[in-house]
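# Topology and contacts: notes
One-letter residues, chain by chain:
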Amino acid sequence: MNVSVSIIILVLAISVDAAKDLVCQEIQIHDYPCESYEVLTEDGYVVTLHRIPPRNLTYARELKPFILMHGLIGSAADFILSGKQRSLGCMLHEKGYDVWLPNARGTTYSKRHMHFDSSSESFWNFTWHEIGYYDLPATIDFITNKTGHNKLHYVAHSQGSTIFLVMLSERPEYNEKIVSASLLAPVAFLANLESPPLRLMASESEKIETLLNHLGLHELFPSTALNQLGGHLFCGKGAPTQNLCILVTYLSVGFSDYEMDRSLFPKIFETTPAGISRKQFQHFGQLINSGKFQKFDYKSKEENYRRYGRKSPPEYNLRNIRVPVNLYYGNKDFLMAKQVSKSEWIL
């Protein structure tokens, strides 16, 4: 069989797989049960919530559930891909916990709205603010109602920590529903962000916005068969270009003292990237340029005043957060850094 035919077959196979629930597939590979729920948000989005239910329901009643929230361009798959011995979702399940894995709006498994089609501009008119203000509270309410627990544990990576800070700043009543929060590579204040690609994009944000307008793009980094194929062909084990994939990753997010598991690359590309709105990306760029953790800036005094009652976007009130929070970060992480100020962190 020649190379071109092999590639066509691989593309077709990946296209078929892309239509399936790869999160549940990955969970079931480990002989775990998998459940999937649709949660309706206050503003009409339908987001998918995956669950690894506990085997022993009697024992689980004594243990608070866990939410494991993915980061930017990620999905629920992020917490299970590395396998039974290393992934947090699997390890918590083995300990008897009830594990819940949300998918933020706009990602592969959360592309439905009660009134808008995902191909429309209106569907993508959101940033991570709405994910924190609407998606996360709806998810927490669903889990507490489903399980009968009135509190739960929250673990998040990257943007998952951002939306947590948004939720408790804007809706402080949800402090009462969180037992503890563990934020991995948390993201909020970005003035000292060191990632060369992201700093460049932030500095050229107006030009990028003009280009995206010209192209009519409102969704960025969607999951496609081409991404998955590229992951297998160029970043898979034994591929001559795998080292290049690793270098690009390190230059974007930072280097590590620990060797990356090369076998994970193809699996990561099966579910990542999972899609974001361009407004999410733009909002993070604003944090880099302003150095503040604040709401979306509409670049119009009139529009900001209409939405916020003031000419500039307000900062989030982090004093509203009363939950015990653990922060975990890497010293070589290009996407976050410790703040110089004694009272704040650049997350």
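Residues numbered from 1 in each chain as written. Predicted model: local features only at pLDDT ≥ 70, side-chain atom pairs only at ≥ 80, totals over all residues. Heavy atoms only, no water.

Let's shift gears to the pattern of salt bridges. This structure, assessed with the given rule, holds 14 salt bridges. A salt bridge links Glu-170 to Lys-295; the shortest N-O distance between them is 2.9 Å. Here Glu-170 is found in helix α6 (residues 159-170), whereas its partner Lys-295 is found in the loop between α12 (278-290) and α13 (301-308), with 125 residues between them in sequence. The class of Lys-295 is buried, set by a relative accessible area of 14%. Between Arg-307 and Glu-303 there is a salt bridge, and its shortest N-O distance comes to 2.6 Å. (Salt bridge = Lys/Arg side-chain N within 4 Å of Asp/Glu carboxyl O. Helix = DSSP H or I, 4+ residues; strand = E, 2+ residues; numbered from the N terminus. Buried < 20%, exposed > 50% of the residue type's maximum accessible area, 1.4 Å probe, protein only.)

Compared with an ideal rise of 1.5 Å per residue, which puts 13 residues at 18 Å, α12 spans 18 Å between its outermost C-alpha atoms and is within 8% of the ideal. Of all the 13 residues making up α12, ten are buried; the element is thus mostly covered by neighbouring parts of the structure. Within α12 the residues assigned to the buried category are Arg-278, Lys-279, Gln-280, Phe-281, His-283, Phe-284, Gly-285, Gln-286, Leu-287 and Ile-288. Where α12 terminates, the next one or two residues include Gly-291, which has phi positive at roughly 75°. (Expected span 1.5 Å × (residues − 1).)

Here we take up the confidence of the model for the protein. Looking at the protein, the pLDDT average stands at 84 and 83% of residues meet or exceed 70. In the model, residues 1-19 has pLDDT below 50 throughout and makes 16 contacts with residues more than four positions away in sequence or in other chains. (pLDDT = per-residue confidence, 0-100. Contact = heavy atoms within 4.5 Å.)

Note that the residue after Thr-272, namely Pro-273, is joined by a cis bond; omega there is 5°. Positionally, Pro-273 belongs in the loop between α11 (265-271) and β9 (276-277). Of note in this structure, Ala-185 is not a glycine but carries a positive phi near 50°. Counting through the fold element by element, Ala-185 comes out in the loop between β7 (178-184) and α7 (196-203). Located in the positive-phi region is Lys-299, a residue other than glycine, with phi close to 60°. For Lys-299, the location among the structural elements is in the loop between α12 and α13.

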